[in-house]
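These are the residues of each chain, in order.
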Amino acid sequence: MAMAPVTLRPVYLLAALDVSCLFMQFTVTPYLAKSLGLDTVGFGYLQTVFGILQLVGGPVFGRFSDQYGARAALVLSFLSGSLHFFILIFANNIPVLFLSRLPSVFMHGLPGAQMVVTDLTPVEERASALGKLGLCFGLGIITGSSLGGFLASRFGIYTPTWVALAANLLCCVIVMVSIPAETKRRQDRPSARPDTSESSGVFSLTELKRLLSIPNVMPVFMMKVLSGFPIGIFMIMFSVISVDFFGLNAASSGYLMSYFGILQLVVQGFLVGILTSRYSEQTLLLLSMIISVGVGFGMILMTGVFDFCLIAIPMVFTLCMAGVITDSILTKAVPPSDTGQSSCPGAILGICASVQPFTRTIGPTIGGYLYKHYGVPSFGCVNVIISLILVIYLLRDQVNQRKKK
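Model, not experiment: these values are computed from the prediction. (Residues numbered from 1 in each chain as written. Predicted model: local features only at pLDDT ≥ 70, side-chain atom pairs only at ≥ 80, totals over all residues. Heavy atoms only, no water.)

### So, the overall build of the chain
No. 1: Looking only at helices and strands, one finds 17 helices and zero strands in the chain.
No. 2: Looking at the chain as a whole, 55% of its 405 residues qualify as buried.
No. 3: Sequence-distant contacts, at least 24 apart, represent 84% of the contacts inside the chain between residues at least 6 apart.
No. 4: About 17,900 Å² of surface is accessible on the chain, with carbon and sulfur atoms providing 69% of the total. (Helix = DSSP H or I, 4+ residues; strand = E, 2+ residues; numbered from the N terminus. Buried < 20%, exposed > 50% of the residue type's maximum accessible area, 1.4 Å probe, protein only. Contact = heavy atoms within 4.5 Å. Areas by Shrake-Rupley, 256 points an atom, 1.4 Å probe, with all protein chains shown as cover.)

### Side note on the packing of helix H10 (residues 217-236) against helix H16 (residues 355-374)
The axes of two packed helices give the description: the angle between them and the distance between them.
No. 1: For the pair H10 and H16, interaxial distance at closest approach is 8 Å and the crossing angle is 50 degrees. One finds that H10 runs oblique with respect to H16. As for how H10 packs across H16, the hand of that crossing is right-handed. Only Val-355, Phe-358, Thr-359, Arg-360, Ile-362, Gly-363, Pro-364, Ile-366 and Leu-370 of H16 make contact with H10, whose side of the interface consists of Phe-221, Lys-224, Val-225, Phe-229, Gly-232, Ile-233 and Ile-236.
No. 2: Taken together, the residues of the contact of H10 with H16 sort by class into 11 nonpolar, three polar and two charged. (Axes fitted to C-alpha atoms, helices over the stretch in contact; angles between N-to-C directions. Parallel < 35°, antiparallel > 145°, perpendicular 65-115°, else oblique. Left-handed = near helix turned anticlockwise from the far one by under 90°. Nonpolar A, V, L, I, M, F, W, Y, C, P; charged D, E, K, R; others polar.)

### Some words on the UniProt feature "transmembrane region" (unreviewed entry) in the chain
No. 1: In the numbering adopted here, UniProt assigns the feature "transmembrane region" (unreviewed entry) to residues 12-32, 44-61, 73-91, 157-179, 225-248, 254-276, 283-305 and 374-395.
No. 2: Counted over residues 157-179, helix gives 87% and strand 0%. Its end C-alpha atoms are 34 Å apart.
No. 3: Between the C-alpha atoms that bound residues 374-395 there is a distance of 31 Å. The span itself is 91% helix and 0% strand. (UniProt positions renumbered as here; feature names shortened; annotations may be inferred.)

### Comments concerning the pattern of salt bridges
No. 1: Under the definition given, this model contains one salt bridge.
No. 2: One salt bridge in this structure joins Asp-327 and Lys-224, with 3.0 Å as the shortest N-O distance. With Asp-327 in helix H14 (residues 305-333) and Lys-224 in helix H10, this residue pair connects regions lying 103 residues apart in the sequence.
No. 3: Residue Asp-327 is classed as buried on the basis of its relative accessible area of 7%. (Salt bridge = Lys/Arg side-chain N within 4 Å of Asp/Glu carboxyl O.)

### Quick word on helix H7 (residues 159-178)
No. 1: If you check H7, its first and last C-alpha atoms are 28 Å apart, about what 20 residues at 1.5 Å a residue would give, namely 28 Å.
No. 2: Of all the residues in H7, the buried ones are Thr-159, Pro-160, Thr-161, Ala-164, Leu-165, Ala-167, Asn-168, Cys-171, Cys-172, Ile-174 and Val-175. (Expected span 1.5 Å × (residues − 1).)

### Considerations on the packing of helix H6 (residues 126-155) against H7
No. 1: Across the interface, H6 lies against H7 with an axial gap of 8 Å and an inter-helix angle of 130 degrees. Here H6 is positioned oblique relative to H7, judged by the angle of their axes. In this structure, H6 contributes Gly-148, Leu-151, Ala-152 and Phe-155 to the contact, and H7 contributes Thr-159, Pro-160 and Val-163.
No. 2: The class makeup of the residues in the contact of H6 with H7 is five nonpolar, two polar and no charged.

### Some words on H16
No. 1: Where H16 bends most, at Gly-363, the angle is about 50 degrees, and the proline Pro-364 comes one to four residues later.
No. 2: If you check which residues of H16 are buried, you get Val-355, Pro-357, Thr-359, Thr-361, Gly-363, Gly-367, Leu-370 and Tyr-371.
No. 3: Downstream of H16 by one or two residues, Gly-375 has phi in the positive range, about 80 degrees. (Bend = angle between axes of the 7 residues up to and from the residue.)

### Notes on the packing of aromatic side chains
No. 1: Within this structure, the stated rule accounts for seven aromatic pairs.
No. 2: Taken together, a centroid distance of 5.1 Å and an interplanar angle of 65 degrees make the contact between Phe-86 and Phe-90 edge-to-face.
No. 3: Seen in terms of ring centroids, Phe-245 and Phe-246 are 5.4 Å apart; in terms of plane orientation they differ by 65 degrees. Their pairing is edge-to-face.
No. 4: An aromatic cluster is built from Phe-234, Phe-245, Phe-246, Phe-308 and Phe-379, whose rings are joined through pairwise contacts. (Phe/Tyr/Trp six-rings, centres within 6.5 Å; stacked < 30°, edge-to-face > 60°.)

Okay, structure coming up:
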């Protein structure tokens, strides 16, 4: 295990490159869609298609990792990304623009990196190692957003897409050269033996249901979905809120998103590792939910952009901490025998990867309704209610565990 940190360095690089490419695309696609004559409603449909494809592809991607290994899954992700950007380069009309979204069903570079990290780290170091991927995510947000805008304005709107295509092909090479083969690691881990899950196929809904029926998996998974949902729909509506409520222009809104990315970089890259080494996961999960209640009240009282900058600090903390801790608990809940070809519970991480696409799919409808009829404070009210329910649940669960002991 002493060599694990060395082995993980290329994984972190891959995660940073993957997120950078995605945010280069996010920066350019709205302008590309507008230049092709796609209106706001049509662009919403485009985003919904992307969310649905990611939602469907997440669990399948996880099962693929269990069947063929995390390295093969990463190669599939970056090849899908390469195809996506290749089609996007030739998107000179709206149908081709929608067609370019199809390969995104298997574009799950960050979950793939989580699978490799989970496979290569011992249980006691897993939360910290997964948290460091947040450092890559923050760097990707900042680098991709700024680089995409710079390249598009200086060299043309399709230039970031060419760069993203080259980066994805490079990532394929890095995966093949630097990520160890799962079959070799499997020989060193006799506990990771094949079982009946291998014969159930990549597209097995029965196998996914079986994994969710494992004790402690469904409650933690529901907590992961619920804890991030209110803030998730708030961030989906953020572009509208920044203009209508905060009165910001496009440049200022971009700076605010960069600030959000820097906070995430600091929290997941450094703070999560420090706290997980000192406190139990249950304690940190309860702490994040208690802080989330305060975040909700802050959103209710928020009146301007300065208030948001203050609220964003505990908001990022609770999002990052709850996300990392729930991922760590879920990977530990699945026995090694349920992971097929690899010792990484890819199916569980694949299901987790569908949480954000699920929010992006239904979030615009719910968020638009709340903002239109009740304003920004409504997001805070929903967050307070859900966070309080989760705090009560966690406290009761701790009491029950003490009684059993």
